[in-house]
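# Results of the structural survey
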Amino acid sequence: MPAATLPLRVLLAVLLTGRLHRRVVAVADLHGDLAHAHNVLRMAGLIDAQAHWRGGSAVLASTGDIVDRGDDTIALYRMFDRLRSEAQAVGGEVHNCVGNHEMMNALHDWRFVTPGDLASFGGAQARRRAMSEKGWIGQTWLANYSITNTVPLLPPEQVARAKLPESYQVPHANFVHGGITPAWAARGTAHINAVGRSLLLKAYKNEDGTYLPPGTTPEERSLYSEDGPLWYRGYATDSERLVCRHAEEAARLLGAKHLVMGHTPHFSGFVVRCDASVLLIDTGISRAYGGEQSALIIDTELQHLGKGRWREKEVLQALYKGRLPRIIAETERVIE
Ligand SMILES: *[C@@H]1O[C@H](CO)[C@@H](O)[C@H](O)[C@H]1NC(C)=O
C-alpha cells in the first residue's frame, strides 16, 4: 500500500470506529546478537521473516547497548537504520537510545569488543573510522540516537483531530538506558540530549578510552557518571520506598507515565515497580547472557463512548520467547 494513502485510511478508521490506538514496543540490551534481535522483533510482530518492517504504525523503542559482547555490531546498526526508514514510510517510528556501551565505543573504550566484531570491520582502524564523526555509525548515533526519548502513547495528530476534552493529556513513556534521577529529569529531555550529543562529538576524538576526552565539561562528566542517565542503577537497586519517590518526581518532571530502562539485567523477566511507573526490561537477550528473549508491549486505546466521553485503556504485556504473553498491568478510565 502506498504510504501517501495511509493517513486517510487511518482517519477513516477513527471516524468509522471512534477508536484511536497505538502500540509501542520496547526492547533492551541486544549486545551484538542479531539472531536474538530478530527473534524478539518477530515475536512482537514488528518484522517479517526477511527482517523488514511489518509493524505498520507501531512505535519501536530501543533502550540502547546494541554493541559489545557479541559480533553483530554492523548488522544491528544497519538493521535499525533500515527499520527506521521502512517504519517512517508507513506511519511507524523507531526511536533509539544511546547506552553506556555506545558511549564507551565512541570514547574508544573497547574493553567489551569481541574479536569477531573487530574482524567484521576489517580491523581496529576501520572500526574507529566507522565510529567517528564522519563514519556511518558515528553519524547515525548523532542523527538518530538520543540519550533519552519521551514517546506519546497515542498518535498525537489523531488525538488532536478527535476533539477530546481540552484537559486531556496524551500519556507518554520515557525511555533511557540506565535511569534518569529527579535531578537530571529537572533539566529536561532536550537538555539531557544536548549534553549527550556534545559528549559524543568529543568522544569521537578521544585517543585513550580509559579517560574522558580533554575538554569534557563537568556536566558531560556527570552525564557519564554513576548517577548519569547512561549508568544509573538506582531504580533497580534502591528500596521500594525510595524508588517510588524518585520515580514519581522524575516521571512528573519528564511528563511520562512510565519510565522504561535497560542496563541492569534480570535474566528471568521484567522487573515492574511502583504501579508500573518503573519498568526494568533488560533480561539479557543476547547469547552473551542467555537470558529471556523479551519485548515490552504497551497498547493504548481511546474509544469514543458518545457525547464527548471516551474510554482510555492501557494494557502492558511482557513477551518472552517460547512462553505465553503475560499481562503486566491493565488500566481503564473514562475521559469526560
Ligand atoms: C538516520 O536514520 C535514517 C532512517 O533510518 C537513515 O536514512 C539515515 O541515514 C540516518 N542518518 C545517518 C546520518 O546515518
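These remarks concern the structure in this document. A quick note: this is a predicted structure, and the numbers were derived from the prediction, not measured.

Helical geometry note: an α-helix holds 3.6 residues per turn, so side chains three or four residues apart project in the same direction. The terminal C-alpha atoms of helix 13 (residues 240-254), which comprises 15 residues, lie 20 Å apart, in line with the 21 Å expected from a rise of 1.5 Å per residue. For helix 13, the complete set of buried residues consists of V243, H246, A247, A250, A251 and L254. End-on view of helix 13: buried residues confined to an arc of 130 degrees, all on one side of the axis. In helix 13, the exposed residues that point more than 90 degrees away from the buried face are R241, R245, E248 and R252. Backbone geometry just downstream of helix 13 places G255 in the positive-phi region, at approximately 65 degrees.

Across the sheet, which stays open at both edges, the 7 strands sit in the order 4-3-2-1-10-11-12 with mixed pairing between neighbours. The sheet terminates laterally at strand 4 (145-146) and strand 12 (326-335), the two strands that pair on one side only. With 9 bridges joining them, strand 11 (residues 309-320) and strand 12 adopt antiparallel strand pairing. For R311, the partnering residue across the bridge sits in strand 12 and is V334. With respect to the sheet, helix 2 (residues 34-43) is in contact with strand 1 (19-27), strand 2 (59-62), strand 10 (294-306) and strand 11, its orientation differing from that of strand 10 by roughly 20 degrees.

Conventions we followed
- Residues numbered from 1 in each chain as written.
- Predicted model: local features only at pLDDT ≥ 70, side-chain atom pairs only at ≥ 80, totals over all residues.
- Heavy atoms only, no water.
- Helix = DSSP H or I, 4+ residues; strand = E, 2+ residues; numbered from the N terminus.
- Expected span 1.5 Å × (residues − 1).
- Buried < 20%, exposed > 50% of the residue type's maximum accessible area, 1.4 Å probe, protein only.
- Arc of directions from axis to C-beta.
- Pairing = 2+ DSSP bridges.
- Contact = heavy atoms within 4.5 Å.
- Axes fitted to C-alpha atoms, helices over the stretch in contact; angles between N-to-C directions.

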